[in-house]
Each structure stands twice: as structure tokens, then as C-alpha cells.
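# Remarks on the overall topology
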Amino acid sequence: MTNGPGDTISVAADTLNLPVRQTEFSIGRIIPLISPAEDFAVEEKSVTALTADYISGLKRVDGMPRPPGPVNSDMSFIILSLSLLLITILTVFGRRSIITGLSSISFRRHEETIPVGTSEVFSWPPVLRNIFTILNVSLFASTALLVTGLAGRDLFNGPVGLTAIFAGSFLTALLLRHLSCIALAGISGLKSLFREYMNVVYNSWFACSFFLFILNGLILFAPVQNPLPFIIAGLIITAIFLLTRALRLLYIFHNRHVSIFYYILYLCALEVLPVMVILKLLGVY
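So, here's what we can say about the structure. (Residues numbered from 1 in each chain as written. Predicted model: local features only at pLDDT ≥ 70, side-chain atom pairs only at ≥ 80, totals over all residues. Heavy atoms only, no water.)

Glancing now at a nonpolar patch on the surface. A cluster of nonpolar side chains, Leu243, Leu247, Leu250, Ile260, Phe261, Tyr262, Ile264 and Leu265, forms an exposed patch at the surface whose accessible area comes to about 760 Å². Those elements that provide at least two residues to the nonpolar patch are helix H8 (228-255) and helix H9 (260-281). The greatest single-element share of the nonpolar patch, amounting to 5 residues, is contributed by H9. Topologically, Phe261 is positioned in helix H9. By relative accessible area, Phe261 is classed as exposed at 51%. (Patch = residues over 30% accessible without salt bridge, like charges linked within 9 Å, V, L, I, M, F, W, Y side chains within 5 Å. Areas by Shrake-Rupley, 256 points an atom, 1.4 Å probe, with all protein chains shown as cover. Salt bridge = Lys/Arg side-chain N within 4 Å of Asp/Glu carboxyl O. Helix = DSSP H or I, 4+ residues; strand = E, 2+ residues; numbered from the N terminus. Buried < 20%, exposed > 50% of the residue type's maximum accessible area, 1.4 Å probe, protein only.)

Here is the structure:
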């Protein structure tokens, strides 16, 4: 039988695959959106689970404060930052002065030049070099004593006071040496010799302090478990420059045909005696 144009067909309603109305939605994978009918039940269950499994199990654990280091880190950072600024200024604007000064330490025979006078010693490049030297030598000395335990943290009101004492002592020693060289040069008439010698003293300390500047940064701010090898390296470098300075003084006396007897007297008066006085003040003997 065929269907005509006016015939109808009965179709069961449950045979059609109609889409089921969605009652749950989500934004991404984090925030679920559920229908209002199920809101109360799901919310109550989630709060109960959180209360039982998480909220009641939370417990605050008090941390232990980190013990302070033997050296004041703020003071050390300021000194190293200032030293970096000084060496940058010298490198950019006083490079020729640095090269000329460091060449005076070498044992090569230089052309006869007019030695640096007192007025030129106190011009801005040597003054910046001396400030750089004082800062890093005093910081290394205080760091070495505090890290190794040879000096207590309460000595001279802490690391800042100890560093200030070393800086003042070192500056006083440089000034006294300068004045004594002027006096000896006036008495002996060897002005050119003592001017050259003082030039060697200032520049050898500057070269030594550059290595101490690097070691100070490694000891204080690098993740080093045992800083003792760096302290020993700094002491060895300082001893090498002191020995070089004494040999350079002998070289100067030899080239200017001065008696070795005077060299021994000057060496004891200007090199050995100040060291013995400093060791006595520190209570070494």
C-alpha cells in the first residue's frame, strides 16, 4: 500500500534520539558550573571533604631564624660597591696613571724620568687608588680575623668598628711612612731615591689590593663552604708584594750606588719596624 498526499504516519516519541539537556558546565578545567538543583548537595559534600581532609590538618611550623654571619654583609656590600665604582673611574679616566704606576713595580730598567713629587702624589688618580687600597686591605684584614675566629664579633663594637680601626691604622701608617721618607730624603739628600721608593710603596699596595678586592667578594658573597683557602691565598699574595717591594728597594739602591748598609737601615726602619709594632698591638707576641 502506498501513502497518498493526505495520509499521516504515526511515529513513537521514544524512538527519536533527541539531545539530552546538559546540566553541568565548566570553564576550562578548573571552575565547574552545576545546575541549581544539584548545587546544595555538591557544595555540602565538597565542604565536608575539605574540612575533614585539609583544613583541620593544616599546622603552622615556626622557622628558625638564620644566624648572622661573622662579617656585616651590608657594610661589606657598601665597601665592595664603592671599590668597584673607584676602579671603574680609574679605568675610564685614569688608565694612563694606572699603567705608569704599575710599571714602577717591575724590575725592568726604565728611562730616567723625573720622580713623582708630593703634589702629584696627592692628585686625584693616586688619591682614588689609595682609597681603593685602604678599603680593601682593611676589609680583608677584618674578614680574615672574624672568619677564622681570631677576633670576636664584639671586638671594637663589631665588624664595622674593626674595619674602621684597620682603615684608620693603615692610613696612619701610610702617612707616617710618607712623612718619614720626606724627612730622610731631606737629611740624606737622596730626594729622588725616596720619591721613587714611595711610588713603589703606593703602587705595590694598590696592585695587592686589587687581588684582595676579588678575594673579598668571593669570601663574603660567593657560595663557598670553606673560605679559609681564599684567606690563605690573600696572605700569600700580600707577602709576595711585600717581598717584591723590598727587592725593588734594593734594586733602586743598587742602581743609585748607595751603600748596602744604608739599605739595611732603611729596611729595618721603614719595613720591619712598622710590622713589629702592628703585631705587638694585635698581641701576637
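All right, on to the environment of Ser204 then. Note on placement: Ser204 falls in helix H7 (residues 191-221). For Ser204, a relative accessible area of 4% puts it in the buried group. Through-space distance from the C-alpha of Ser204 to that of Gly101 is 8.8 Å; in sequence the pair is 103 residues apart. Leaving out residues up to four positions away in the same chain, Ser204 has contacts with Ile105, Phe241 and Arg245. (Contact = heavy atoms within 4.5 Å.)

Moving on: the nonpolar core. Ranked by internal contacts, the top residues of the largest apolar core, which has 33 residues, are Phe194, Tyr197 and Phe253. Secondary structure elements with two or more residues in this core: helix H5 (124-148), helix H6 (159-188), H7, H8 and H9. The residues touching Phe253, leaving out its near neighbours within four places in the chain, are Leu193, Val258, Ser259, Tyr262, Tyr263 and Tyr266. In this structure, Ile79, Phe132, Leu139 and Phe166 belong to the second largest nonpolar core, which totals 18 residues. (Core = buried A, V, L, I, M, F, W, Y, C linked by side-chain atoms within 4.5 Å.)

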